[in-house]
Each structure stands twice: as structure tokens, then as C-alpha cells.
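# A closer look at the structure
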Amino acid sequence: MEAVAKLNNYPTSPRKMRLLADLIRGLEVEKALGILQFNPKHPAVPMYKLLKSAINNWEQKNSDEKVEDAGLIVKTIMVDCGRVIKRMRPAPQGRGYRIRKRSNHVTIVVDSINGTGNGTEKKKVSKAEAAPVEEKAVAEKSTSSKTKKAAPKKAAAKKAAPKKAAKPTAKAEVEKSEKKKEDKKTTK
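Residues numbered from 1 in each chain as written. Predicted model: local features only at pLDDT ≥ 70, side-chain atom pairs only at ≥ 80, totals over all residues. Heavy atoms only, no water.

## Let's talk about the overall build of the protein chain
The line we're drawing: Working definition: helices are DSSP H or I runs of at least four residues, strands are E runs of at least two. Numbering for both runs from the N terminus. We call two residues contacting when some pair of their heavy atoms lies within 4.5 Å. The method behind every accessible area is Shrake-Rupley, applied with a 1.4 Å probe, and residues are considered shielded solely by the protein chains displayed.
Across its full length, the protein chain holds six helices and three strands. Overall, the protein chain shows an N-to-C arrangement of helices and strands of β-α-α-α-α-β-β-α-α. Of the contacts formed within the protein chain by residues at least 6 apart in sequence, a portion of 69% connects residues at least 24 apart. Carbon and sulfur atoms form 55% of the exposed surface of the protein chain, whose accessible area is close to 14,400 Å².

## Overview of the pairing of strand E3 (residues 96-112)
Note the following rule: Any two strands with at least two DSSP bridges between them are considered paired.
Looking at chain direction, strand E1 (residues 3-10) and E3 are connected through six bridges and run antiparallel. Pairing of Lys 6 across the sheet is with Thr 107, part of E3. In the sheet, strand E2 (residues 72-90) pairs with E3 via 16 bridges, with the strands oriented antiparallel. Within E3, the residue paired with Pro 90 across the bridge is Gly 96. Linking two consecutive strands that pair antiparallel, namely E2 and E3, is a turn of five residues; a positive phi of about 60° is found at Gln 93 within it.

## Side note on the packing of helix H1 (residues 14-24) against helix H2 (residues 29-37)
Using the following cut-off: Inter-axis angles, ranging from 0 to 180 degrees, are taken between N-to-C directions of lines fitted to C-alpha atoms, where helices are fitted over the stretch in contact. The sense of a crossing depends on the near helix, which, turned anticlockwise from the far helix by less than a right angle, makes the crossing left-handed and, turned clockwise, makes it right-handed. Under the convention adopted here, Pro, Cys and the residues Ala, Val, Leu, Ile, Met, Phe, Trp and Tyr are nonpolar, Asp, Glu, Lys and Arg are charged, and Gly plus all remaining residues are polar.
Where H1 contacts H2, the two axes come as close as 9 Å, and the packing angle between them is 145°. Once H1 is placed against H2, the crossing between them reads as right-handed. Side by side, H1 and H2 meet where Leu 20, Leu 23 and Ile 24 of the first sit next to Ala 32, Ile 35 and Leu 36 of the second. Each residue belonging to the contact of H1 with H2 can be placed in one class, and the counts come to six nonpolar, no polar and no charged.

## Let's talk about the pattern of salt bridges
Spelled out, the test is: Criterion for a salt bridge: a side-chain nitrogen of Lys or Arg within 4 Å of a carboxyl oxygen of Asp or Glu.
Per the counting criterion, the structure on display carries three salt bridges. The salt bridge partner of Lys 75 is Glu 2, with a shortest N-O separation of 2.8 Å. Of this pair, Lys 75 sits in strand E2 while Glu 2 sits in the segment before E1, and the two are 73 residues apart along the sequence. In this structure, Asp 22 engages Arg 25 in a salt bridge whose closest nitrogen and oxygen atoms are separated by 2.6 Å. The structure contains a network of salt bridges with shared partners spanning Glu 2, Lys 75 and Asp 111.

## Quick look at the side chain of Thr 12
Just so we agree on the cut-off: Two N or O atoms count as a polar contact when they lie within 3.5 Å, although within protein this holds only if one can serve as hydrogen donor and the other as acceptor, and sequence-adjacent residues are included solely when both atoms are side-chain atoms.
Topologically, Thr 12 is positioned in the loop between E1 and H1. Within the structure, the side chain of Thr 12 is placed 3.2 Å from the side chain of His 42, a separation counted as a polar contact. Leave out the neighbours within four places in its chain, and Thr 12 touches Met 17, His 42, Pro 43, Arg 102, Ser 103 and Asn 104.

## Quick look at the environment of Asp 22
Relative to the assigned elements, Asp 22 resides in helix H1. Distance from Asp 22 to Met 78, taken between C-alpha atoms, is 9.4 Å for residues 56 residues apart in sequence. Reaching out from Asp 22, the side chain makes a polar contact with the side chain of Arg 25 at a distance of 2.6 Å.

## Quick look at the confidence of the model for the protein chain
Low pLDDT marks stretches whose predicted atomic positions should not be read closely. To be explicit about the condition: Known as pLDDT, the predictor's per-residue confidence is scaled from 0 to 100.
Mean pLDDT over the protein chain stands at 80; residues scoring 70 or higher make up 71%. Here residues 117-131 is modelled with pLDDT under 50, and outside its nearest four sequence neighbours on either side it reaches four contacts, counting other chains as well.

## Notes on a negative patch on the surface
Stated formally: Without a salt bridge and with relative accessible area above 30%, a residue can belong to a patch; like charges are then joined within 9 Å and nonpolar side chains (Val, Leu, Ile, Met, Phe, Trp, Tyr) within 5 Å. In this tally, Asp and Glu contribute negative charge and Lys and Arg positive charge; neither His nor the terminal groups of the chain are included. The location of each charge is read from NZ of Lys, CZ of Arg, CG of Asp or CD of Glu.
On the surface, Glu 28, Glu 30, Glu 59, Asp 64, Glu 65, Glu 68 and Asp 69 cluster together into a negatively charged patch. Relative to the assigned elements, Asp 69 resides in helix H4 (residues 67-70).

## Some thoughts on unusual backbone geometry
The condition is simple: Between buried and exposed lies partly exposed: a residue is buried under 20% and exposed over 50% of the maximum accessible area for its type, with that area taken using a 1.4 Å probe on protein chains only.
If you check the backbone angles, Asn 9 has positive phi at about 55° while not being a glycine. For Asn 9, the position within the fold is in strand E1. For Asn 9, a relative accessible area of 33% puts it in the partly exposed group. With a phi close to 60°, Gln 93 is a non-glycine residue in the positive phi region. If you trace the backbone, Gln 93 turns up in the loop between E2 and E3. Taking the relative accessible area as the measure of exposure, Gln 93 reaches 76% and is therefore exposed.

What follows is the structure, given as C-alpha cells:
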């Protein structure tokens, strides 16, 4: 059974918080706590507390199991943009630059590796079904890429043909000038 913990309106930019979230996504809880505990980034402290809270929430739901035996992992972690506080900073020539003080919402979902029944079985079935579909998709991509590569060559050949016809060669120019001279002589 999974457990959720949320942190709302934490005053740091979502981009900075996502850097930490990407570090612990999909890891075992013990490893994630170690990474967060010794990470020098300032949002690591609230993220550490949030993960501890998610673990405690899981313990409350599953009082008969131990955290060590369950093999908890960080199933999902989402960092969403929160409210943005807008401030003005004085700028040259009477202008004002806008400062956006961003905040974020973090949601952590913790679940056990062993799985409590249906969750892991569905994943195994979907992977088994997805394998033949992926092979077909790869085969289709390889055949379609061959046809796509041939089409630009034809287009390039079509474009090249008019350019040759539009630009006359040196011999053709000499012949034209000779014909003009002959025409002038015959008209006189």
C-alpha cells in the first residue's frame, strides 16, 4: 500500500527543487535519505523531512509491517509550480524590473517493492505485452526510415535538374554569340 506526503508553497523555485527530485526518484528510501542528508543544496532539508513524513505515513497505514522488511522505494515524486509573488526592483532611468519570487508544491509517493498484490503484477503483465509491440514498432520505424531517406534524394534530384537547365554552359554562350553575329551580317 502506498503512502503520500505533500509540501505546499515552499519558497524556492521549482527548477531547483526538481534537481533534487530527479536524484531520488525511483530509489530505495534508505539511499534517498542518505543522498538528501548530505546534499549541499538548500532545498534538501525540507525534501528530507518530507520523505521522512511519507515513510511515517506508510507506517501508519501498514502497522503490521516493518519499514526495513518492506523495502520501500520512492515510487513517484512530483514538483509543481506554486504561487508566484511579484515584486518590483528599481532600475535605471525611472524604470522598474519585475522580480518573480517563485514557490513550489512537492508530492512524494512511497510504496513497497514487494508490492501488496495487484500493483506489481499489472506492471509485469504490461511489460510482457509491451515487448512484442515494441518489436513491431522498431521494425516499422526501420522500414519507414528507409522510405523517408529515399524521398529527399528524389526531391534533391528534381531541384537540381532545373538549375542545370537555367544556367547555360560556356559553349552554348559562344554559339549564341556567333549566331547573333551571323544574323547581323546577313541583315546588312
